[in-house]
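Chains, contacts and geometry: an overview
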Amino acid sequence: MATTRGEERRADILRATLEVISERGYRGTSLGAVAERVGLTQQGLLHYFPTKEALLIAVLEVRDQWDTAGVPHTPETWNIELLATLVEYNAMRRGVVQTFSALLGESVADDHPARDFFTRRYVQARESMTAALRAAFGEELAGGLTPEQAAPLLTAVMDGLQYQWLLDPDRVDMSAAFRDFLVLLKPKD
């Protein structure tokens, strides 16, 4: 499928925005800096993304598309092995993980433009995790937890491991640690 020049330019802008946010954080990122990185004027950038907030949401959406390429984002399509593979994939994309983590941290402020995005994303993530846990382990996990009870914990482990890995990659193997955590969830036979 051929892409248009406009689609290519939008993709270039989104990649550049990820880089700038990774370097400066969202609040430190300006439209001018992104425009300069892709060889546009700020007015030219506004042709593709009318506001900084629209650009941010597009970056977050494309990041999620990269994570789920070829996998429909419904609770029924996720499984434990896919989650483990996603953690391994993220270990190869430090800049993308840095950007996501920085934006996630910033989004807890009530006035942050990505707050609604992350709130919706976590609702979907918990639903997907619940379905994946149920499919892998049934209705009762280790310690008597239900998939619904364990889903927020699984999500927290994934995100928490990313922060630890970003801060100390030589000591934290997030892929191995995630697989270790999965063992803890498995009910004893």
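Please read these numbers as outputs of a predicted model, since none were measured by experiment. (Residues numbered from 1 in each chain as written. Predicted model: local features only at pLDDT ≥ 70, side-chain atom pairs only at ≥ 80, totals over all residues. Heavy atoms only, no water.)

Observations regarding the overall build of the protein chain
The number of helices and strands found in the protein chain is nine helices and zero strands. Written out in order from the N terminus, the α and β elements of the protein chain read α-α-α-α-α-α-α-α-α. When the backbone C-alpha atoms are referred to their principal axes, the protein chain occupies close to 65 × 35 × 35 Å. Going through the 189 residues of the protein chain one by one, you find that 40% of them count as buried. Sequence-distant contacts, at least 24 apart, represent 66% of the contacts inside the protein chain between residues at least 6 apart. By element, 54% of the accessible surface of the protein chain is carried by carbon and sulfur atoms, the whole surface being about 10300 Å². Taken as two groups, the 20 positive and 27 negative side-chain charges of the protein chain have centres that lie 4 Å from each other. (Helix = DSSP H or I, 4+ residues; strand = E, 2+ residues; numbered from the N terminus. Buried < 20%, exposed > 50% of the residue type's maximum accessible area, 1.4 Å probe, protein only. Contact = heavy atoms within 4.5 Å. Areas by Shrake-Rupley, 256 points an atom, 1.4 Å probe, with all protein chains shown as cover. Lys, Arg positive; Asp, Glu negative; His and termini not counted. Charge placed at Lys NZ, Arg CZ, Asp CG, Glu CD.)

Focus: the packing of aromatic side chains
Within this structure, the stated rule accounts for two aromatic pairs. With 5.5 Å between their ring centres and 65 degrees between their planes, F100 and F118 make a pair best called edge-to-face. In this pair, F100 sits in helix α6 (residues 94-106) while F118 sits in helix α7 (residues 115-137), placing the two residues 18 residues apart along the sequence. Per residue, the accessibility class of F100 equals that of F118, and both read buried. Between F117 and F118, the ring centres sit 5.4 Å apart and the planes meet at 85 degrees, which makes this aromatic pair edge-to-face. Comparing F117 with F118, the two get one shared label, buried. (Phe/Tyr/Trp six-rings, centres within 6.5 Å; stacked < 30°, edge-to-face > 60°.)

Some points on the nonpolar core
Residues I80, L83, L133, L154, M158, F178 and L185 are the most contacted members of the largest nonpolar core, which totals 25 residues. Elements with a contribution of two residues or more to this core: α5 (80-90), α7, α8 (147-167) and α9 (174-185). Among the elements that take part in this core, α8 stands out by supplying seven residues, more than any other. In this view, L154 contacts L83, M129, L133, F178, F181, L182 and L185; residues no more than four positions away in its chain are not counted. Core analysis: the second largest hydrophobic core is formed by 16 residues, A16, V20, L45 and A58 among them. (Core = buried A, V, L, I, M, F, W, Y, C linked by side-chain atoms within 4.5 Å.)

As for the pattern of salt bridges
Applying the stated criterion to the full structure yields 10 salt bridges. D12 is the salt-bridge partner of R15, the closest N and O atoms lying 2.6 Å from each other. Here R15 and its partner D12 are both found in helix α1 (residues 5-24), three residues apart, which amounts to about one turn of the helix. The partner of R171 in a salt bridge is D168, and the shortest N-O contact between them spans 3.7 Å. In this structure R171 comes out as exposed when scored by relative accessible area, which is 72%. We classify D168 as partly exposed; its relative accessible area is 28%. (Salt bridge = Lys/Arg side-chain N within 4 Å of Asp/Glu carboxyl O.)

Describing α6
Spanning 13 residues, α6 covers 18 Å between terminal C-alpha atoms, matching the ideal 18 Å at 1.5 Å per step. All of the buried residues in α6 are V96, V97, T99, F100, S101, L103 and L104. (Expected span 1.5 Å × (residues − 1).)

A closer look at the packing of α5 against α9
At a minimum axis distance of 8 Å, the contact between α5 and α9 shows a crossing angle of 160 degrees. With respect to each other, α5 and α9 are oriented roughly antiparallel. For α5 against α9, the interelement crossing comes out right-handed. In this structure, α5 uses I80, E81, L83, A84, V87, E88 and N90 to contact α9, whose residues at the interface are M174, S175, F178, R179 and L182. The residue makeup of the contact of α5 with α9, split by class, is seven nonpolar, two polar and three charged. (Axes fitted to C-alpha atoms, helices over the stretch in contact; angles between N-to-C directions. Parallel < 35°, antiparallel > 145°, perpendicular 65-115°, else oblique. Left-handed = near helix turned anticlockwise from the far one by under 90°. Nonpolar A, V, L, I, M, F, W, Y, C, P; charged D, E, K, R; others polar.)

Some details on α7
With 23 residues, α7 should cover 33 Å at 1.5 Å per step; its first-to-last C-alpha distance of 32 Å lies within 8% of that length. Listed in full, the buried residues belonging to α7 are F117, F118, R121, Y122, A125, S128, M129, T130, A132, L133 and F137. Within two residues after α7, G138 carries a phi angle of roughly 90 degrees, on the positive side.

Some remarks on the environment of Y48
By the secondary structure assignment, Y48 is in helix α3 (residues 42-48). In the structure, Y48 is positioned 138 residues away from K186 in sequence and 47 Å away in space, judged by C-alpha atoms. Once you skip the residues sitting within four places of it in the chain, Y48 turns out to touch G6, R9, R10, I13 and L40.

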